[in-house]
Amino acid sequence: MLAIYVFILLIVVQRVVEVVIANRNARWIKSQGGYEVGKEHYKQIVALHSMFFVSLLIEVSVIDRSFVLWSVAPLLVFLLAQIGRVWALSSLGRFWNTRIMVLPGAKVIAKGPYRYLRHPNYVIVVTEIACLPLIFQAYWTAIVFTIINAFVLSVRIKMEETALEEVTNYQKVFEKRKRFIPSTNEE
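Reading the values: rules and limits
- Residues numbered from 1 in each chain as written.
- Predicted model: local features only at pLDDT ≥ 70, side-chain atom pairs only at ≥ 80, totals over all residues.
- Heavy atoms only, no water.
- Axes fitted to C-alpha atoms, helices over the stretch in contact; angles between N-to-C directions.
- Helix = DSSP H or I, 4+ residues; strand = E, 2+ residues; numbered from the N terminus.
- Parallel < 35°, antiparallel > 145°, perpendicular 65-115°, else oblique.
- Contact = heavy atoms within 4.5 Å.
- Nonpolar A, V, L, I, M, F, W, Y, C, P; charged D, E, K, R; others polar.
- Expected span 1.5 Å × (residues − 1).
- Buried < 20%, exposed > 50% of the residue type's maximum accessible area, 1.4 Å probe, protein only.
- Left-handed = near helix turned anticlockwise from the far one by under 90°.
- Core = buried A, V, L, I, M, F, W, Y, C linked by side-chain atoms within 4.5 Å.

K.L.:
Give a detailed account of the packing of helix H4 (residues 120–135) against helix H5 (residues 139–167), specifying residues and quantitative values.
P.N.:
When two helices pack together, you describe them by how their axes are tilted relative to each other and by the distance separating the axes. Between H4 and H5, whose axes approach to 8 Å, the crossing angle comes to 170°. When the axes of H4 and H5 are compared, the pair comes out roughly antiparallel. Taken together, the residues of H5 that come into contact with H4 (itself represented by Tyr122, Val125, Val126, Ile129, Ala130, Pro133 and Leu134) are Tyr139, Thr141, Ala142, Phe145, Thr146, Asn149, Leu153, Arg156, Ile157 and Glu160. The residue makeup of the contact of H4 with H5, split by class, is 12 nonpolar, three polar and two charged.

K.L.:
Just give me the short version of helix H1 (residues 2–31), but keep the residues and values in it.
P.N.:
Helix length check: H1, at 30 residues, gives a terminal C-alpha distance of 44 Å against a target of 44 Å (1.5 Å per residue), a fit within 8%. Restricting attention to buried positions, one finds in H1 the residues Ile8, Ile11, Arg15, Glu18, Ile21, Ala22, Asn25, Ala26 and Ile29. Those residues of H1 hidden inside the fold are in contact with strand E1 (35–37), helix H2 (39–62), helix H3 (72–92), strand E2 (100–102) and H4. Two residues or fewer past H1, Gly33 is found with a positive phi of approximately 105°.

K.L.:
Before we move on, could you go through the packing of H2 against H4 and cite the residues and values that matter?
P.N.:
At a minimum axis separation of 11 Å, H2 and H4 run at an interaxial angle of 15°. The angle between H2 and H4 places the two elements in the roughly parallel class. Pair H2 / H4 crosses with left-handed handedness. For the pair formed by H2 and H4, the contact residues are His49, Phe52, Phe53 and Leu56 on the first element and Val125, Glu128, Ile129, Leu132 and Pro133 on the second.

K.L.:
Report on the nonpolar core, specifying residues and quantitative values.
P.N.:
Soluble globular proteins tend to pack their nonpolar side chains together in the buried interior. By size, the foremost hydrophobic cluster in this structure holds 17 residues, and its most contacted members are Val37, Trp96, Val102, Tyr114 and Phe174. Of all the elements in the fold, those that place two or more residues in this core are H1, H3, E2, H5 and helix H6 (170–174). The leading source of residues in this core is H3, at four residues. Dropping the residues within four chain positions of it, Tyr114 is found in contact with Ala88, Ser91, Leu92, Ile109, Pro120, Asn121, Phe174 and Arg177. Formed by 16 residues, the second largest nonpolar core is a distinct cluster that contains Ile8, Val125, Ile129 and Phe145.

K.L.:
Describe in detail the environment of Arg24, supporting the description with residues and values.
P.N.:
Tracing the backbone through its elements, the reader meets Arg24 in helix H1. Residue class for Arg24 comes out partly exposed when judged on its relative accessible area of 49%. For the pair formed by Arg24 and Leu153, sequence separation is 129 residues and the distance between their alpha carbons is 23 Å.

Laid out in structure tokens, this is it:
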């Protein structure tokens, strides 16, 4: 059981480090004349992810599950998502954020996984929220938070795309790329 808690703690620490990076990037974007969109919505994102980890910890603590061989499948998918997370984050560099930050006149970055789809980071988040609980057979957390996350992302993505379309070349760069399905259509 200790190994489960340590694994989950490592993921939480990773998220905290990402928030530190996001805050640093937000300060840089603001110093360049950028601004945040959807501040109220960001509170929902923070609440969703916080409650996800609380739910996961409660479920793995209350329900006594033993290791099953098929848990390796969601673990491998989750670990691949971590590689994708680093790829997405490093591809955007200073423009990566957990908030919706826009910089008027900026050229949208379309390298790394963004060459193939508009929102690789959201695909990764969806994958993580579905797979992390399945590693530990926390089915309720996987189901409930996958549904809540889908609703929250449906609002966030529209907000983000609208903001980027208004002040950057987002529409031109991503008009041939799908939101979540990889394609090789490039300019």
